[in-house]
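Residue-level structural notes
Chain residues, written in single-letter form:
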Amino acid sequence: MSSQPSSEPVRPTWPLGLDRIAYGGDYNPEQWPEEVWKEDVTLMREAGVNLVSVGIFSWALLEPREGEFDFGWLDRLLELLHDNGIRVDLGTPTASPPAWFFAAHPDARVVTRDGTPLGFGSRGMAGPSHPAYRAAAVRIADQLARRYGRHPAVALWHVHNEYGAPVSEDYSPASAGAFRAWLQGRYGTLDALNAAWGTAFWGQRYGDWAHVDVPAVAPSVVNPAQRLDFARFTDDALRACFVAERDAIRAHSDVPVTTNFMTTNCPSTDLWKWADEVDVVSNDHYLTAADPRAHVDLALAADLTRSLARGRPWILMEHSTSAVNWQPRNIAKRPGEMARNALSHLGRGSDAILFFQWRASRSGAEKFHSAMLPHAGTTSRVWREVRALGADLGRLDEVRGSTVRADVALLWDWESFWAQDLEWRPSVDLDHRERVRAYYERLWRDGLTVDLAHPGADLSGYRLVVAPASYLLTAASGDNLSRYVAQGGTLVVSYFSGIVDEHDAVHPDGYGAPLRTTLGVSVEEFLPLREGETVRLAWDHDGERTELVADVWADDLVLEGADVVATYLDGPAAGRAAVTRHRHGAGTGWYVSTRLDVDALAHVLRGAYADAGLTPAGLPDEVEVVRRDGPTARFVVAINHADAPVDVPADGTELLTGTAVRGRVTVPAGGVAVVREHRGG
Amino acid sequence: MSSQPSSEPVRPTWPLGLDRIAYGGDYNPEQWPEEVWKEDVTLMREAGVNLVSVGIFSWALLEPREGEFDFGWLDRLLELLHDNGIRVDLGTPTASPPAWFFAAHPDARVVTRDGTPLGFGSRGMAGPSHPAYRAAAVRIADQLARRYGRHPAVALWHVHNEYGAPVSEDYSPASAGAFRAWLQGRYGTLDALNAAWGTAFWGQRYGDWAHVDVPAVAPSVVNPAQRLDFARFTDDALRACFVAERDAIRAHSDVPVTTNFMTTNCPSTDLWKWADEVDVVSNDHYLTAADPRAHVDLALAADLTRSLARGRPWILMEHSTSAVNWQPRNIAKRPGEMARNALSHLGRGSDAILFFQWRASRSGAEKFHSAMLPHAGTTSRVWREVRALGADLGRLDEVRGSTVRADVALLWDWESFWAQDLEWRPSVDLDHRERVRAYYERLWRDGLTVDLAHPGADLSGYRLVVAPASYLLTAASGDNLSRYVAQGGTLVVSYFSGIVDEHDAVHPDGYGAPLRTTLGVSVEEFLPLREGETVRLAWDHDGERTELVADVWADDLVLEGADVVATYLDGPAAGRAAVTRHRHGAGTGWYVSTRLDVDALAHVLRGAYADAGLTPAGLPDEVEVVRRDGPTARFVVAINHADAPVDVPADGTELLTGTAVRGRVTVPAGGVAVVREHRGG
Amino acid sequence: MSSQPSSEPVRPTWPLGLDRIAYGGDYNPEQWPEEVWKEDVTLMREAGVNLVSVGIFSWALLEPREGEFDFGWLDRLLELLHDNGIRVDLGTPTASPPAWFFAAHPDARVVTRDGTPLGFGSRGMAGPSHPAYRAAAVRIADQLARRYGRHPAVALWHVHNEYGAPVSEDYSPASAGAFRAWLQGRYGTLDALNAAWGTAFWGQRYGDWAHVDVPAVAPSVVNPAQRLDFARFTDDALRACFVAERDAIRAHSDVPVTTNFMTTNCPSTDLWKWADEVDVVSNDHYLTAADPRAHVDLALAADLTRSLARGRPWILMEHSTSAVNWQPRNIAKRPGEMARNALSHLGRGSDAILFFQWRASRSGAEKFHSAMLPHAGTTSRVWREVRALGADLGRLDEVRGSTVRADVALLWDWESFWAQDLEWRPSVDLDHRERVRAYYERLWRDGLTVDLAHPGADLSGYRLVVAPASYLLTAASGDNLSRYVAQGGTLVVSYFSGIVDEHDAVHPDGYGAPLRTTLGVSVEEFLPLREGETVRLAWDHDGERTELVADVWADDLVLEGADVVATYLDGPAAGRAAVTRHRHGAGTGWYVSTRLDVDALAHVLRGAYADAGLTPAGLPDEVEVVRRDGPTARFVVAINHADAPVDVPADGTELLTGTAVRGRVTVPAGGVAVVREHRGG
């Protein structure tokens, strides 16, 4: 008889042995002759690089034939890096199985919704539910862990790459079988499944588990509850792949394990669940070039990553030094932009600034992606900025481990996003991403720091909670929000919220039922607007009277206790309430029944701030200020996105220049500043 | 030896036992617990509902496993409805076969043109030509007819649902086999098929019947005659499914049989042929939200339905109380709009006003579709209007059975539409739907009542015939039109008419050959205009001189006896005839060689009205007036789509209010009026 | 032992027995009863037709069942044509195999990238690599050659039809096998393939030839080097089909062999290679109706065809008398336009003016395509112009055999176009066709005659070489351009040139490396502009100072010896060089780092002309003048695209009218003139 440990060991949550802000990127030396490696390491040291991710796409090199392994080159590489003091984030290469895998297991290919199998020649995992893929992935992870699990160079495990991209939903027979098993586990009986999916509609009732299938293309729209469950299943299947690899590694290694998230691309992963499985949260973020204010999306992504990390420091695993290669127009970053991006991530809680990738690839699909060392080499602007950023980060070491505190929570729920993205919604202009971004940007402009939160989470620590897009809202989450308000919180809810339950079924008491008592209104009918149609609102609250313009949506609202803050002047709801405010217990619930732009939302949030006891920061336009709190100091991180210098209130020492700051620090046009303030000072 | 009846019995042509205007909708109680049914029936009575359609999507409940039937719930439902005086339109559920059917017959799945089979999980029949589907459909229809064929609640049979949507063309092997058999029946010999299809072009000659296939995707454009025949075959295959079910029912029931058409969606069914197969014509109509004048399309649909019914009363089987759920932006109806829609259908010959559906579904693809009883319940505006409409219809009982008479026929031919919709036409701006709608809307605005007619039909009863889109026009139909004009009729023909014969082959004597002598012109060459290009026309007819603007199209016209009414001032046909008028026998033929908008068409039709001895109604804008004639009374149905009250000439009694009308009735803004006039008064 | 001939016989390079400018078109008499043939021949003689292409789509008639041949109708047809002095361009019908072929060999169907097999019913060859297709194609070519190889009517062989359209890339298993064999031939070892394709990126390394596949759809972007090689393989496979048929014909016939190219559609054929395989170059050209200046594309196509023909006379195998049928809007040609088109081809070196097709088809996909004899018959404008053109060509016989000389070469390389068209380029606004056309149109407007040339060709005969789109440029081609400049040439290079090598790998020394010393600049980073963004340039060269506007692109340029000619005033490269000029050896290299429109390019080319010693023609706008040189005379071909008459300098005899020309010839609005000048006169 062996004794079992009674509790889980405490696992490390940061790359082992890394005592500075992490700096570096993906390193793919297999694309280059070994003589280049020495130059790489020399230049890494010159740039201040202390952490590189290796092996992410190396499966075909490490296991050239099924079950035959060749670790020689990786041994030499880790040795070289270790000798030069560069720590290693070691990848498992399972995001890109070798050609031999697909040749041996053609039925493990991912199949699209219309039945096309996706083969080799690009990148992308095999079907996440296929046993052969899972076995092969665990085998290579096990091999790596056995060989390198205690290697002194290895600081972190990087399992797979960007789960959910480019492969998520899989309509193969293997996936269908796994989906059936998953449904049996979820529902137990067919009756329960029939009820949950509402199969009485359109005659879809199942009499045999064997008849339940993946929601592939059909003559018309497929059952939305089925599709929503398939999204949940897909997420679970991907996460099961991660967990299997992680556990294979943990059997041989105490090095912490991560996988790189892509938080704001709204993909197929419910990261609230994933965050519980990783030892340390890491994220990839790329600017959307077509977005003139892409730095706001960056801030949102960073805040979401911090929220997933429960406030602990996190790793910016990938971003770019300049242009990416996969957008319609890949706009290069302007001088200084890379540093602003990096410092914004750092200000929002990242203690690691990493890039894809170290050296630009000559071949392949991403050869036009920027890198730390571009095709133009060490005489280039990008290289100069990479070196300067490395030096700057060296000056910010003391920021490590400090934390960010937010007074505002913005609700964020992947399940709701999945549900709202299904077909046949009341209007194609309904766009949850747009609404989340608009409310977030309003808060960003007002200088308020924001956490993202699940609607079912404990919200009691926030003064203000904003729900821009809570289409799927369970009764339990509705109760959670009600409690939050009743106990003194302020809640702002946007339209098309609280519509369906976890099965995409309309709440029994109608649209918005879970929020009805909290907000003091109910929605009798949706009144979506025509393409391009606008409506005017008369705003009349707290002494402020003005007229606003809105579009996309209106509701036919029934007042059930709420006060009217704004009234429709025209359109399908002319004369009726547009924005309402309701006292509920010790708190206040606002409802906004139409689409207001970021400027117009200022009126709504001004009122909500007043209710919540919040004050906007009052900073100049386009200046971003975030604060991190350490045990003895607060660090004010200021980023100036504007073309002119600005003054930001601060008191202490500017760390990048080492200069003293009295009352205000001047941040140059396009520049950054980090001021150490004494806490309570 | 049994004796056979020597002739068909006369079949009932109206829901049995229904002695009022029918009012109600689709009723899907299987989506709700049985305790809700009682509330449903109570509310139905409150609203004046007297007919509901049930069982349309119930196959999986009625036959939970192949060959095992469970009618208990339907027995109880019919009992309950019967006890409450609500009559039943009983559906056969064959538009949505159960999961077990697709599992047992995967080869019965419909296959798309590019080879994708369409499975279960949505709605949609199996391949209409597959023997297993036909057998299963007939079996369930037979079972229902045996059990309920003489049930006192059952007033009407509702076979299937909306044939042609979402399933029409099927490229499966089963369909290919049936298509070959159909072609052998049509052509007899391969030589005949080769000739009809023009297979000498591009080397497509067939030497073996086994090589003839469905027109699936190919490297370039597929033979248009083959595609046109495949459209005909598809229509025949769908209709054969209907006939098989209908005959199975008739073996056990004398209740009349219908299936719900979708007249103006231009689908895959040639409803001229279908109308001969049903006992009573019924139609589904939904407004197109993006169309600011969707009520004109409604009128066209209603007129077409009446024309299909050969002037007899018909059933509006489905429309909506407010928004639908499947358009890009599902615009709610404004207050009063539902009543205007309903009365427009009624004015154009419908004696039944039914909705999809009674109670809004909580689950499934259509949960955001409006209903008589919406998610918001009985306190809602929609419910109030539903009750009011039920009451109003009760006041209009005497209108039942009266008929509508039209002086104008608009040509409508599904075969021509199918042919014109094939690829590689002279211009993508050619749009037969648009031209039909434009000419129809001109007649609508002029207050003239319109029948739709096939080009080969007897047209002698009409003063004016308009051919907005007769691309495919057989020589026989051309002769029919020629006779019509020669005998005194007035004909208006739009461009791109009379181009091809029944095999999509250009007429031997060139474009427009079948109309040449009637119109006194021939078309030497098409002169399509560039994108956005406009041309000016000098209009000079009957003392009126003006300038018009046109677009999309011009012809190089050769005058062969016609007079020039309008001349191109610029563009590719500058200086040449644009609109012509020709005396042919005792009548007149007009030709319009370019696209004029609804306003500009007023000039053309003013001239044609004069030739035809017709006078526009001279009503205010946006007022719709239609008349139904009974044995002793004429009913003037007036619908005011405008925002201000209008006066409409009438004399008698306004039936909704019971007030006397002398000379004119004032119809309120957005309102309706129905005046009983004594005939000949 | 048999003796082998020591050298290839000299092959005829012009349709045998044709002693006039060829005039005629595709003739498909199988679409008509034989009694029509006699009328056809009578009308052909009336129109001056002396060459027709027959049999192109006749496979199913000639071989109605596999291996059974029926040549009777073709025997009679050739006899009839021969008797009437009309020579025959005899097609092999392999572009459209019969139904029996596809039925017998379903695995020979072409498969699309997403796995859809393309069947019969349209037109299009089978998979070019499938052995059954190759065997069947050679068999029918052999049969035709045996029977007609010495027939007195046959003047030319017309193998297949438009290789590459509608079939080019084939993803079938047969194609995959052939691709693997092709790759083994190209690379020898897997190591070489792995290196060439850069398979270390994304873990694509191959360990077994059997795992290498066609680049079908995959989860993300497929390896670009693999796709580029697949394009090369596809071209080789198509060309192998041609060569196999050609060799089968040559075994029995000395008649020259051609196949009709489609030069400017940028299809899947590398016509530099094809031109070496045909006895005479022929081309199909159709105007793009949506292009208001489609005649410029015509000139480009004609110049490219002449360049492919190494300056020898060539055949315009197809163009249209008026509209085509396959564009979105098929615009009819205006009066005179057909003659202008024909004379432009002739002026640029064609000695044959042929059309698709002789008589308009009544049936099939192209019945709305114009013809020499349209549906409207011999009373039509088109027929009158066809007769007039035939007569005009009879007056130009002496032009035959004369040649065109160009001072300017524009670089044109299908491999580079293929590579640039792959995914994930820096900007979707990069468009090589647009740049080629813009530079060509600038030269066209300046009245300069242009050859097209491969970057590796001998360029020493040109004063100016323009490289508008040389994304893929090998080091060897870079050296060729460097030599050209060093020896006194003038080179103008547009942006995004010299980026990758033959494997789509970035040049080791960075963007533009092969041109670096020639141009005196290097490109540090791409700075693509946002959608719709424009930048301003200060132009300052040779005393000219002005401001230009550009869009789409900018570079971050590093000057390495070049002079700055224009500087960015704003945008991402503000203050940096936009256009440079560099003396290299005895010549000059220009670099243009942004997109200038045709007007703005005048500034660049004015400078380059000065360097090259070239002078623009100084003609009025929209007048096109080209010259052909014969042994004793020069022929000035002038085409007036404008609406007013213009004077063109010339001296001699206008051949169409027979009038003497002294100093200038007046070309009527929309008209043409051909003046014979004595050489050196």
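Model, not experiment: these values are computed from the prediction.

1. Examining the pairing of strand β1 (residues 22-26) of chain A
All names here are of chain A.
- Within β1, 5 of the 5 residues are buried, which leaves it mostly tucked inside the rest of the structure.
- Of the pairings in the sheet, the one linking β1 to strand β2 (residues 51-54) comprises 3 bridges and is parallel in character. Bridging from a neighbouring strand, Gly-24 pairs with Leu-51 of β2.
- In this fold, β1 hands off to helix α1 (residues 34-47), which returns the chain to β2; that crossover is right-handed.

2. Observations regarding the interface of chain A and chain C
- Each partner contributes residues to the interface: chain A has 50 residues there, and chain C has 46 residues.
- Breaking the side of chain A that touches chain C down by element, the ones donating at least two residues are α2 (59-62), α4 (99-104) and α12 (381-394) of chain A.
- A class-by-class count of the residues in the side of chain A that touches chain C yields 25 nonpolar, 17 polar and 8 charged.

3. Here's the deal with the sheet that holds strand β27 (residues 659-661) of chain C
Residues and elements named next belong to chain C.
- Pairing is antiparallel across the open sheet formed by 5 strands, whose spatial order is β23-β24-β29-β26-β27. Each having just a single partner strand, β23 (623-629) and β27 make up the two edges of the open sheet. Between one strand and the next, the sheet's axes are offset by a mean angle of 25 degrees, whatever the strand orientation.
- Bridge analysis of strand β26 (residues 652-654) against β27 gives 3 bridges, and the strand direction is antiparallel. The residue of β27 that forms the bridge with Glu-654 is Thr-659.
- Contacting β23, β24 (633-640) and β29 (672-678), helix α11 (residues 337-347) crosses the sheet at an angle of about 150 degrees to β24.

4. Some points on the relation of the copies chain B and chain A
- For the match of chain B to chain A, the screw axis carries a shift of 0.0 Å, the RMSD comes to 0.0 Å, and the turn is 120 degrees. On the angle and the small slide along the axis, the relation comes out as a three-fold axis. Within chain B, Thr-116 of chain B has its C-alpha nearest the rotation axis, a separation of 5.3 Å.

5. Things to note about unusual backbone geometry
- Phe-356 of chain A connects to Gln-357 of chain A through a cis peptide bond whose omega is 0 degrees.
- Looking at where Gln-357 of chain A falls in the secondary structure, it is placed in the loop between β11 (350-355) and α12.
- In this structure, Trp-202 of chain A is a non-glycine residue whose phi angle is positive, near 60 degrees.
- Look at His-160 of chain C: it is not a glycine, yet its phi comes out positive at around 60 degrees.
- Mapped onto the secondary structure, His-160 of chain C falls in the loop between β6 (154-158) and α6 (173-187).
- Judged by the 22 C-beta atoms lying within 10 Å of it, His-160 of chain C falls in the buried class.

6. Notes on the pairing of strand β19 (residues 555-559) of chain A
Residues and elements named next belong to chain A.
- With 4 of 5 residues buried, β19 lies mostly within the body of the structure.
- Across 5 bridges, strand β16 (residues 521-526) lies against β19 in antiparallel orientation. Residue pairing in the sheet places Val-521 in a bridge with Leu-559 of β19.

7. Points about the nonpolar core
- Counting residues in each nonpolar core, the largest one holds 693 residues, and the members touching the most others are Leu-410 of chain A, Leu-410 of chain B together with Leu-410 of chain C.
- Apart from the residues lying within four places of it in its own chain, the contact partners of Leu-410 of chain B are Val-436, Tyr-439, Tyr-440, Val-450, Leu-452, Val-466 and Pro-468 of chain B.

8. Notes on the environment of Val-579 of chain A
Residues and elements named next belong to chain A.
- For Val-579, the position within the fold is in strand β21 (residues 577-584).
- You can call Val-579 buried: it has 28 C-beta atoms within 10 Å.
- Contact partners of Val-579, with chain neighbours within four places excluded, come to Val-565, Ala-566, Tyr-591, Val-592, Ser-593 and Val-604.

9. Some details on the sheet that holds strand β9 (residues 282-284) of chain B
All names here are of chain B.
- Spatially, 9 strands are ordered β7-β6-β3-β2-β1-β11-β10-β9-β8 in an open sheet, and the strand pairing comes out parallel. Single-partner strands in this sheet number two, and they are β7 (257-258) and β8 (260-261).
- By the bridge criterion, 2 bridges tie β8 to β9 in an arrangement that is parallel. Directly across from Phe-261, in β9, lies its bridge partner Asn-283.

Conventions and cut-offs
Residues numbered from 1 in each chain as written. Chains lettered and ligands numbered in written order. Predicted model: local features only at pLDDT ≥ 70, side-chain atom pairs only at ≥ 80, totals over all residues. Buried ≥ 20, exposed ≤ 12 C-beta atoms within 10 Å, placed from the backbone. Helix = DSSP H or I, 4+ residues; strand = E, 2+ residues; numbered from the N terminus. Pairing = 2+ DSSP bridges. Right-handed = clockwise from strand over helix to strand, strands pointing away. Contact = placed C-beta atoms within 7 Å. Nonpolar A, V, L, I, M, F, W, Y, C, P; charged D, E, K, R; others polar. Axes fitted to C-alpha atoms, helices over the stretch in contact; angles between N-to-C directions. Least-squares fit on C-alpha atoms with pLDDT ≥ 70 in both. Core = buried A, V, L, I, M, F, W, Y, C linked by C-beta atoms within 7 Å.

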